[in-house]
Amino acid sequence: MIVYKDLLDLIKVTVREDIQRINAYPVSKSANYIKLDAMESPYDLPKDILEHVINNLRKVHLNRYPSTDKSQLIQTIKEKFNIPCEADLLFGNGSDELIHLIIQSCCRPGDVVLSPSPSFVFFEMASQFNHAKFVKVDLTEDLQLDTNKMLESIKQHSPKIIFLAMPNNPTGGLWDDDDVLSIINMAPGLVIIDEAYYAFNKKSWMSRLNELKNVLILRTVSKIGLAGIRFGYLAGHHEWISQINKIRPPYNINTLTESVILSVLDKKHILDEHSSKILLNRNKLSESLKKLDHVKVYESYGNFILIKFDSNVSATNVFNELKFSNILVKDMSTSHTLLSNCLRLSVGTDSENELLIETISKIISKK
Ligand SMILES: Cc1ncc(COP(=O)(O)O)c(C=O)c1O
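Sequence order as written defines the numbering, with residues in each chain counted from 1. Only residues with pLDDT of 70 or above have their local features reported here, since the model is predicted, and side-chain atom pairs are shown and tallied only from 80 upward, although totals for entire chains, interfaces and linings are computed over all residues. Note that water and hydrogens are dropped before the side-chain values are worked out from all heavy atoms of the structure.

K.L.:
Give me the lowdown on empty space enclosed by the protein, citing residues and values where you can.
P.N.:
Using a 1 Å grid laid over the protein atoms alone, points where a 1.4 Å probe fits but cannot get out form a cavity; open sets with protein on both sides within 12 Å along at least 5 of 7 lines form a pocket; any residue with an atom within 4 Å of a point counts as lining. Grid points are joined across faces, edges and corners, and a volume is the space filled by probe spheres set on the points. In this structure the tally under the stated criterion is one cavity of 30 Å³ or more. The space that makes up the largest cavity amounts to roughly 40 Å³. Phe 81, Ala 196, Tyr 198, Ala 199, Arg 219, Thr 220, Ile 224 and Tyr 233 are the residues that line the largest cavity. Residues are sorted three ways: Asp, Glu, Lys and Arg are charged, Ala, Val, Leu, Ile, Met, Phe, Trp, Tyr, Cys and Pro are nonpolar, and all the rest, Gly among them, are polar. Taken together, the residues of the lining of the largest cavity sort by class into six nonpolar, one polar and one charged.

Set out below in structure tokens:
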């Protein structure tokens, strides 16, 4: 028997080396901050809807595993989110879990997952965890899709899976329909259109699912007011969904999540009202940001805005000073060369946005 000196030695020879080398998904401590870093909705449920949710939660049997009959949930999600009736659905513990399942079910070690870059960091993380090779295709200098480069890269790498976040996190851009179609037509495998932010622009590929045989659409309720319940869905042809479903952990949607989503979707108008308010606030925030000196504002179709400071101002200093003033945003400066000196600001309530603008303006004027 091998005798290990201590626990760390044992871990060193047991845990995958690539996992030992990386850091866990970074989530900032946020208690007591004005939280504008994670694209959540700033609006919680109103009291009467919360009461309705709680009343239904009283009927849940916590001693039992969740029911495997998802027909009511499937029908409700289809109705409330305009999903074609022919499409099938797979549910995930957040869309993060679905990203994992898609890669796990399609990629053998070394198979390629491809995505524009910068984009949602979890596409790369989930690829690595599942031993897939992640190929990034840089956006253009002005953070638009480089379609020719994408097409060349698809030809060169034959990706099993292409992820297209539309709108794109963290840039906020939305890709042109014809460009996306040319990528879909060239793709030798699956194209995942991630519509996490579709509520803030209403543009969706959902109605085209039937005609597009190699496309699945990924959505989440995290950005429309329900980040806490961890619920995402993948829509597409039954043949795809039934394959990916095989590796879904049993009971991945817990009883509480299922009850809450059904109760809230009974009153979905409130989520829609909040999303409309966020969309208006985004446009107002964007206009106010454009009036600031030293700031470039990228057009956003999501519930967040990417800004870049010129060389007179350091984004990281602004981030730190905002944090000192109790406002938490996301410093993107070191995440990608195209994002140097950039901050990503989630859209908050009217008063939060006003405070944000006022504070950034004061910080900049001190330079
Ligand atoms: C493009 C995109 N997809 C998926 C997610 C993850 O969503 P969920 O909370 O459902 O895991 C995010 C979260 O920021 C995102 O930006």
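Next comes the rest of the write-up.
K.L.:
Which residues make up the side chain of Asn 281, and what values go with them?
P.N.:
Within the secondary structure, Asn 281 is located in helix α11 (residues 269-290). Polar contacts involving the side chain of Asn 281 include one to the side chain of Tyr 43, which spans 3.3 Å. Any pair of residues with heavy atoms lying within 4.5 Å of one another is described as a contacting pair. Apart from the residues within four sequence positions on either side, Asn 281 is in contact with Tyr 43, Val 347, Gly 348, Thr 349, Asp 350 and Asn 353. A run of DSSP states H or I qualifies as a helix once it reaches four residues; a run of E qualifies as a strand once it reaches two. Both are numbered from the N-terminal end. Throughout this description, a polar contact denotes any pair of N or O atoms lying within 3.5 Å of each other; where both atoms belong to protein, one of them has to be capable of donating a hydrogen while the other can accept it, and for residues adjacent in sequence the pair is counted only when both atoms sit in side chains.

K.L.:
Describe the site of the ligand, naming the residues involved and giving the relevant values.
P.N.:
Around the ligand sit 13 residues in total, of which Ser 95, Asp 194, Tyr 197, Thr 220 and Ser 222 are the nearest. Tyr 197 has a polar side-chain atom sitting 2.6 Å from an oxygen atom of the ligand. Surface accessibility in these figures is a Shrake-Rupley result with a 1.4 Å probe; residues are shielded only by whichever protein chains are displayed. Bound to the protein, the ligand loses 94% of the 400 Å² it would expose on its own. Near is defined per residue: the residue qualifies when any heavy atom it owns lies within 4 Å of the molecule or strand.

K.L.:
Account for the pattern of salt bridges, naming residues and giving values.
P.N.:
A carboxyl oxygen of Asp or Glu within 4 Å of a side-chain nitrogen of Lys or Arg is what we treat as a salt bridge. Tallied over the entire structure, the rule returns 16 salt bridges. Asp 111 is the partner of Arg 108 in a salt bridge, and the nearest nitrogen-oxygen pair spans 4.0 Å. Buried, partly exposed and exposed residues are distinguished by accessible area as a fraction of the type maximum, computed with a 1.4 Å probe on protein chains only: under 20%, between the cut-offs, and over 50%, respectively. Of the residues examined, Arg 108 reaches a relative accessible area of 57% and is grouped as exposed. In this structure, the salt-bridge partner of Glu 211 is Arg 208, at a minimum N-O distance of 3.7 Å.

K.L.:
Summarise the packing of aromatic side chains; cite the residues concerned and give the values.
P.N.:
Working definition: a ring pair exists when centres of Phe, Tyr or Trp rings (six-membered ring for Trp) sit within 6.5 Å. Plane angles under 30 degrees give stacked, over 60 give edge-to-face, the rest tilted. Inspection of the entire model under this criterion finds seven aromatic pairs. Ring centres 5.4 Å apart and planes at 40 degrees place the aromatic pair Phe 81 and Tyr 233 in the tilted group. Taken together, the residues Phe 81 in the loop between α4 (71-80) and β2 (88-92) and Tyr 233 in strand β8 (residues 232-236) connect sequence positions 152 residues apart. Accessibility assignment for this pair places Phe 81 and Tyr 233 in one class, buried. Both rings, one in Phe 120 and one in Phe 123, keep their centres 5.5 Å apart while their planes meet at 90 degrees; by these two values the pair is edge-to-face. For Phe 123, a relative accessible area of 0% translates into the label buried. Criterion for a charge above a ring: Lys NZ or Arg CZ within 6 Å of the ring centre, and within 35 degrees of the ring normal. In this structure, Arg 219 is placed above the aromatic ring of Tyr 198, and the distance from its NZ or CZ to the ring centre is 3.6 Å. One residue, Lys 277, lies across the ring of Tyr 43, its end atom 4.5 Å from the ring centre.

K.L.:
Describe the domain arrangement of the protein chain, naming the residues involved and giving the relevant values.
P.N.:
You'll often see interface size given as the accessible area lost when the parts meet. According to the domain assignment, the protein chain consists of domain 1 (26-45 + 270-365) and domain 2 (63-267). Domain start and end points were adopted from an automatic or database domain assignment. For domain 1 and domain 2, the distance between their C-alpha centroids amounts to 25 Å. With 24 residues of domain 1 in contact, the opposing surface of domain 2 contributes 29 residues. We define buried area as the total accessible area lost by two parts upon association, computed with a 1.4 Å probe and summed across both. Where domain 1 abuts domain 2, roughly 2200 Å² becomes buried across the two surfaces, and 66% of that area is made up of carbon and sulfur atoms. The largest contributions to the domain 1 side of the interface with domain 2 come from Leu 271, Tyr 301 and Leu 338, which together make up 29% of the buried area. Linking domain 1 to domain 2 there are zero salt bridges.

K.L.:
How would you explain the UniProt feature "modified residue: N6-(pyridoxal phosphate)lysine" (unreviewed entry) in the protein chain if you had to name every residue and give the values?
P.N.:
Mapped onto the present numbering, the UniProt feature "modified residue: N6-(pyridoxal phosphate)lysine" (unreviewed entry) falls at Lys 223. Positionally, Lys 223 belongs in the loop between β7 (215-220) and β8. Once residues within four sequence positions are removed from consideration, Lys 223 is found in contact with Ala 38, Met 39, Ser 41, Ala 196, Tyr 197, Phe 200 and Asn 303. Polar contacts involving the side chain of Lys 223 include one to the main-chain carbonyl oxygen of Ala 38, which spans 3.5 Å. UniProt positions are given in the numbering used here, feature names are shortened, and annotations may be inferred rather than shown by experiment.

K.L.:
A description of helix α10 (residues 255-266) should follow, citing residues and the corresponding values.
P.N.:
Spanning twelve residues, α10 covers 17 Å between terminal C-alpha atoms, matching the ideal 16 Å at 1.5 Å per step. Burial within α10 is extensive, with nine of its twelve residues counted as buried. If you check which residues of α10 are buried, you get Thr 257, Glu 258, Ser 259, Val 260, Ile 261, Leu 262, Ser 263, Val 264 and Leu 265. Lining the buried residues of α10 we find α3 (47-57), α4 and α11. The span expected for a helix works out to 1.5 Å for each residue beyond the first.

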